[in-house]
Amino acid sequence: MSISESQIAKVLEGIKYPGYSRNIISFGLVKEVEVDGNDVRIRLAINSQDPSIPEQIKTEVEAAVAAVEGVGGVEIVMEAPAPKTPGIGSARAIPGVEHVIAVASGKGGVGKSTVATNLACALAQLGFRTGLLDSDIYGPSIPTMMGVKVKPRVLGDRLEPVPAHGVKLMSLGFLIEEDTPVIWRGPMIVKTLTQFVQDVNWAPLDFLIVDLPPGTGDAQLTLAQTIPVEGAVIVSTPQDVALIDAKKGSAMFGRLQIPVLGIVENMSYFRCPDCSSRHEIFGNGGARKEANRQGVRFLGEVPIEAGICTWGDKGVPIVVQEPESESAKAFLEIARAVQAAVATPAGSADRV
Ligand SMILES: Nc1ncnc2c1ncn2[C@@H]1O[C@H](COP(=O)(O)OP(=O)(O)O)[C@@H](O)[C@H]1O
Ligand SMILES: [Mg+2]
């Protein structure tokens with residue numbers, strides 16, 4: 001009986017990428033199938049930092065193809081794949097994660113973690129599979145804001161992110177003992193971070209939101225280089241000092257050739273609950289002007305609302321707790337703007 005290439009392709013379609021529900025053909029790992037009489041030759045290109053994965057797939061392919069009736073010899077050629085995201089430093093793409101977005105600020109206390117948390121929850125509400133990585137080694141506050149008190153489970157040699165409000169959460173804070181002196185945190189984390197980010201069961205995700213530490217120092221640079229960031233969202237308050245630091249943040253991403261997707265102005269104004277008029281306590285519109293000056297998008301303005309703070313402390317982001325509030329609506333608009341900023345026609349058809 002003669003064998004056909006499509007018959008072999010069918011067999012390969014039955015082989016899943018380890019840990020995924022998608023098969024190796026739909027992942028685009030099978031580059032060529034050649035049938036010559038009874039002999040089959042298959043070319044595979046597998047991009048994984050875990051050397052056991054290509055080996056495992058190779059063994060499975062060999063066994064499955066050899067089991068097809070009429071097949072004589074099976075030759076598997078393993079090819080080194082091309083890097084997925086050229087130009088983004090040394091960061092390796094995270095398999096099964098489509099868009100990695102960093103949330104950054106020039107200084108602390110401007111609401112970076114609040115924006116990261118609500119942006120992630122808003123994206124999840126819009127139907128996107130979303131993860132949230134708290135990489136703020138100096139103030140890992142996201143588990144509190146998301147109401148997560150448990151540590152992630154270890155499955156084999158991988159970490160399982162903790163689900164909260166429809167988002168998969170992981171925090172570097174889970175790994176740092178609370179009494180580790182702050183000055184040791186930078187070097188310690190940076191050393192292990194690449195491995196750490198790759199060893200989390202993120203996939204499949206449409207968005208991974210990364211809360212970076214505030215500032216533009218070495219730790220931030222290394223983090224932004226180590227994680228395969230596609231674009232950055234800069235958070236600022238309307239004050240000049242915050243805007244000056246936001247400028248430095250943009251410059252840092254510029255040096256790394258990571259596009260700034262846009263600027264969010266947090267604590268833009270306060271809506272008086274009695275008279276409904278808008279009070280611009282810290283001034284307003286500065287971030288919009290700064291975005292215009294830099295030629296980047298202005299992603300939206302978030303008002304000062306007591307609920308942001310009180311619900312944040314209770315572990316429920318405002319977009320989840322009070323979706324009808326002005327700030328929740330602002331966060332949803334920001335999520336839509338971020339989605340629009342990364343949307344590419346090709347991206348949506350090829351999801352995991
Ligand atoms: N728009 C806002 N309205 C009210 N409180 C806010 C707002 N944004 C942030 N906060 C509060 O300000 C504090 C600092 O915010 P956080 O997100 O932790 O800042 P960062 O991560 O930049 O240090 C938190 O207590 C948070 O709840
Ligand atoms: Mg923070």
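You'll find the structure just up there.
## Some words on the side chain of Ser250
Among the secondary structure elements, Ser250 is positioned in helix 7 (residues 240–255). Of the polar contacts made by the side chain of Ser250, one reaches the side chain of Gln294; its length is 2.8 Å. What Ser250 contacts, discounting residues up to four positions off in sequence, is Ile234, Val260 and Gln294.

## Some words on the nonpolar core
Judged by nonpolar contacts, the single largest core of 81 residues is most densely connected at Trp202 and Phe253. Looking at which element gives the most residues to this core, the answer is helix 11 (residues 326–342), with 9 residues. Sequence-distant contacts of Phe253, that is, excluding residues within four places in its chain, are made with Ala104, Leu212, Ala224, Ala232, Ile234, Ile258 and Val260. Tyr17, Val35, Val40 and Val61 belong to the second-largest nonpolar core, a separate cluster that totals 23 residues.

## Quick look at the site of ligand 1
Taken together, 15 residues surround ligand 1, and among them Gly109, Lys112, Ser113, Thr114 and Pro303 come closest. Separating an oxygen atom of ligand 1 from a backbone N or O atom of Gly109 is a distance of 2.8 Å. Within the contact set of ligand 1, a nitrogen atom lies 2.9 Å away from a side-chain nitrogen or oxygen of Asn266. Against a free-state accessible area of 560 Å², the protein chains account for coverage of 79% of ligand 1. For the shell around ligand 1, the secondary-structure elements that each account for two or more residues are helix 3 (112–125), strand 12 (260–271), strand 14 (297–304) and helix 9 (306–314). When residues in the shell around ligand 1 are grouped by element, the largest group, 3 residues, is from helix 3. Its residues assigned to classes, the shell around ligand 1 comprises 7 nonpolar, 6 polar and 2 charged.

Rules of the game
- Residues numbered from 1 in each chain as written.
- Chains lettered and ligands numbered in written order.
- Predicted model: local features only at pLDDT ≥ 70, side-chain atom pairs only at ≥ 80, totals over all residues.
- Heavy atoms only, no water.
- Helix = DSSP H or I, 4+ residues; strand = E, 2+ residues; numbered from the N terminus.
- Polar contact = N/O pair within 3.5 Å; in protein donor to acceptor, adjacent residues only side chain to side chain.
- Contact = heavy atoms within 4.5 Å.
- Core = buried A, V, L, I, M, F, W, Y, C linked by side-chain atoms within 4.5 Å.
- Buried < 20%, exposed > 50% of the residue type's maximum accessible area, 1.4 Å probe, protein only.
- Near = heavy atom within 4 Å.
- Areas by Shrake-Rupley, 256 points an atom, 1.4 Å probe, with all protein chains shown as cover.
- Nonpolar A, V, L, I, M, F, W, Y, C, P; charged D, E, K, R; others polar.

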